[in-house]
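Observations on the three-dimensional arrangement
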Protein chains: 2
Amino acid sequence: MPPGLKDVAARAGVSIKTVSNVVNGYVHVAPATRARVQAAIEALGYVPNIAARQLRSGRSGVIALAVPELQSPYFAEIAGLIVQAAERRSWTVLIDQTDGQAERERNLVAGLRRHAIDGLIFSPLALAGEELALRDGTPMVLLGERVWHGPADHVAIDNTAAAADATRHLTSLGRRRIAAIGVQDRPSAVTAHQRLAGYRTALTEAGLPLDPTLEMPVDGFHRADGAEAMARLLDAEEPPDAVFCFNDLLALGAIRTLVSRGIPVPGRVAVVGFDDIEDGRFSTPTLSTIAPDAPRIAQLAVDLLAERLGDGPAAAGAPRELRVDHRLIVRESTGG
Amino acid sequence: MPPGLKDVAARAGVSIKTVSNVVNGYVHVAPATRARVQAAIEALGYVPNIAARQLRSGRSGVIALAVPELQSPYFAEIAGLIVQAAERRSWTVLIDQTDGQAERERNLVAGLRRHAIDGLIFSPLALAGEELALRDGTPMVLLGERVWHGPADHVAIDNTAAAADATRHLTSLGRRRIAAIGVQDRPSAVTAHQRLAGYRTALTEAGLPLDPTLEMPVDGFHRADGAEAMARLLDAEEPPDAVFCFNDLLALGAIRTLVSRGIPVPGRVAVVGFDDIEDGRFSTPTLSTIAPDAPRIAQLAVDLLAERLGDGPAAAGAPRELRVDHRLIVRESTGG
DNA sequence: GATGGACTATACAACGTTGCAGTACTTAAG
DNA sequence: CTTAAGTACTGCAACGTTGTATAGTCCATC
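None of these values were measured; they are calculated from a predicted model.

Residues and elements named next belong to chain A. If you walk across this open sheet you meet the four strands as S7-S6-S8-S9, and the pairing is parallel. Two strands close off the open sheet at either side, each with one partner strand: strand S7 (215–217) and strand S9 (270–272). When strand polarity is set aside, the average angle formed by the axes of neighbouring strands in this sheet is 20°. Alignment of strand S8 (residues 242–245) against S9, held across three bridges, turns out to be parallel. Looking across to S9, one finds that valine 243 is bridged to valine 271. Against the sheet, helix H8 (residues 190–205) engages strand S6 (178–183), S7 and S8, with an angle of about 170° to S6.

Next comes the structure, spelled out in structure tokens:
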């Protein structure tokens, strides 16, 4: 129904291939011919059929982004930034939500996705290690620290260092009993492991003992999990005087519990989060946190994919790991 | 490079079309043949090429979702829910961010999008009325109240009634000087107009005067806008004793300003928001708000699109407008 | 023991595009 | 004046899939 090259060609009185050449900016087309074709294109409102183009060329101009869930502000922000970065390359982004389920992530990676995509940006939650190996050769960029050595690029901040920075901030305030909220046992919960490691490092540096009862496990990384973990901490014999939460949602949940029990923040308990989501900038109290350079993460992820997709020599290089800066932002929840 | 029907056919010793029939679940295939083909499919790891399928059938299995911005929790939530609902129909969702720019929205609607999509779910911000007419016949579902009468379905809550409910809640608490934050002049800011109308209705019902100085305009619907508008209200001669904010982000921003000036919420000023984003359930104080039935909005939007895309008789019916329920949730910010 | 119907399988064309090969003409170089 | 190189354009095949048309086989029915 919509016009094709054929229709444009007929109207302009040239061959199909010439129209194709004009559309693709082929140089050896006489100006007069080009103008005539352009006019026909305008007149008919011709738009290239990308299905056909993809069938021929193998490229779809679509990349997939797989995140655990869009409802989580941090992932929503990253997703938004990636869509913007992709747009600058005139790529479209197709979004998958894995809900952190191993099965879903596996399907995704196994290439069971029914849609042809040129590349994949993936923020794995349930999967780690070799399970992440893409069956088909689709280029993949992983968001998160490198935990295996397959053929995929990585973009991440230094989680361990960042967690240590956050914890160090608490020790430097003179807090002695510092809890961690966000511990996860699963071997694939790499991010949680790294942040826990950083937390322990900073405590040890400060000459503080490691107390297992202060390392609170959680099911997920949502506000409710943080609120619940904080409640458990407060019900224990010796409550903490500071908490490092592995993300801002946990922190906001924890603060909610503290405030609702009338415990002043940061008066009695100081709280640091991780991610610098917008909520933390307007919450009461405002939230001290680790701010990853999210726009840069998004840009780098897209750039890396572009390199792999390009025809240049860089296309087949060894997997790279790119570090993105982070910084500690001190706000009210630690007395900033 | 990846195997096609041809390869499977060769391996199974049947014709290409028979493999196609097996893949598509055509009934008249001998069990033995079917088994042989299935085995070949497994062995080769065959996956249908949707580009080719689309070229043949015209259907891509992809729908587009256009939202102003994913960073906004409400839109992120809606997006997540729509992706889930679409998944149940094995559709994939392609996401566009318009940033509320008229130009971007126009392009989108004009079909300039380079990718073939079966349908569009669109949450317009800058555009209204006839400008929304889709050039090509792609089915479209609009999120938001019906503001024109072109061929598109609508899914929305009753904004005016909901805004009146929120405001009525404040009057019922005995508040007399109730401000509104979120007014927008632009004729296309339909949602803002409707919520303002509801606000005025409720005030009038309660026998309260309409005071233009209490109707605060904003540039956007973000926390910063709410914080800034609240500051202006507090700096005025006669500050309000309650505020109805046109969304939760504005409300959270407003609360931030109040708290940072030491004004008790809801003690001196009560605040109601709109959208019921998760932040409001854990903020300090927790936020009273209007909760639209977001899962239902998402489900209905996808269902309506499915109807239009179906071959059934409903495919070409008159445009429909579906109302979704909302309810007032009373929390701490109004003394709940 | 013909006739018709259900079943199984196949061949071919077409969807809209682009890569490749090729033609015809023009200009520059030897 | 021949040859080579460049320019402007065209035609054909192919990407992987599915709809239509068709043909053969087998069985039940009249």
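Here the narrative resumes, following the displayed structure.
As a further point, take the pairing of strand S2 (residues 92–97) of chain B. Most of S2(B) is tucked away, with six of its six residues classed as buried. Taken together, the two bridges between strand S2 (residues 92–97) of chain A and S2(B) define a ladder with antiparallel strand orientation. Following the sheet pairing, Ile95(A) is matched in S2(B) by Val93(B). As judged from the six bridges shared by strand S1 (residues 62–67) of chain B and S2(B), these two strands associate in the parallel manner. Within S2(B), the residue paired with Ala66(B) across the bridge is Asp96(B). Chirality of the crossover, the property in question, places the unit of S1(B), helix H5 (residues 73–88) of chain B and S2(B) among those that are right-handed.

Evaluation of the coordinates by the stated rule reveals six aromatic pairs over all chains. Taking 5.6 Å as the distance between ring centres and 65° as the angle between the ring planes, the aromatic pair formed by Tyr74(A) and Phe75(A) counts as edge-to-face. Of the two residues examined, Tyr74(A) and Phe75(A), each falls in the buried class. An angle of 50° between the planes, with centres 5.3 Å apart, marks the rings of Phe244(B) and Phe246(B) as tilted. The same class applies to Phe244(B) and to Phe246(B), which are both buried. Linked through ring pairs, Phe244(A), Phe246(A) and Phe274(A) together constitute an aromatic cluster.

For the rest of this paragraph, the subject is the interface of chain A and chain B. Taken together, the contact pairs 46 residues of chain A with 46 residues of chain B. Buried area between chain A and chain B, both sides added, is near 4100 Å², and the carbon and sulfur share of it is 54%. Where chain A packs against chain B, one counts six salt bridges. Asp279(B) is the partner of Arg223(A) in a salt bridge, and the nearest nitrogen-oxygen pair spans 3.5 Å.

This part is about helix H10 (residues 248–260) of chain A. Residue and element names in this part refer to chain A. With 13 residues, H10 extends 18 Å between its outermost C-alpha atoms, agreeing within 8% with the 18 Å of an ideal straight helix rising 1.5 Å per residue. The buried count for H10 comes to 11 of 13 residues, which makes it a mostly enclosed element. Regarding H10, its N-cap is asparagine 247, as a side-chain oxygen of that residue lies 3.1 Å from the backbone nitrogen of leucine 249 further along. Glycine 262 sits one or two residues past H10 and shows a positive phi near 75°.

Okay, the relation of the copies chain A and chain B next. Once chain A is rotated about the relating axis by 180° and shifted along it by 0.1 Å, it coincides with chain B to within an RMSD of 0.2 Å. In short, the pair behaves as if placed about a two-fold rotation axis. The rotation axis passes nearest to the C-alpha of Leu94(A) in chain A, at a distance of 2.1 Å. Taken together, the interface assignments show that 100% of the residues at the interface of chain A recur at the interface of chain B, consistent with an identical surface on both copies.

Those places that UniProt annotates as "domain: HTH lacI-type" (unreviewed entry) correspond, in this numbering, to residues 3–57 of chain A. End C-alpha to end C-alpha, residues 3–57 of chain A measures 20 Å, and it is 69% helix and 0% strand.

Rules of the game
- Residues numbered from 1 in each chain as written.
- Chains lettered and ligands numbered in written order.
- Predicted model: local features only at pLDDT ≥ 70, side-chain atom pairs only at ≥ 80, totals over all residues.
- Heavy atoms only, no water.
- Pairing = 2+ DSSP bridges.
- Helix = DSSP H or I, 4+ residues; strand = E, 2+ residues; numbered from the N terminus.
- Axes fitted to C-alpha atoms, helices over the stretch in contact; angles between N-to-C directions.
- Contact = heavy atoms within 4.5 Å.
- Buried < 20%, exposed > 50% of the residue type's maximum accessible area, 1.4 Å probe, protein only.
- Right-handed = clockwise from strand over helix to strand, strands pointing away.
- Phe/Tyr/Trp six-rings, centres within 6.5 Å; stacked < 30°, edge-to-face > 60°.
- Buried area = accessible area lost by both parts, 1.4 Å probe.
- Salt bridge = Lys/Arg side-chain N within 4 Å of Asp/Glu carboxyl O.
- Expected span 1.5 Å × (residues − 1).
- Polar contact = N/O pair within 3.5 Å; in protein donor to acceptor, adjacent residues only side chain to side chain.
- Least-squares fit on C-alpha atoms with pLDDT ≥ 70 in both.
- UniProt positions renumbered as here; feature names shortened; annotations may be inferred.

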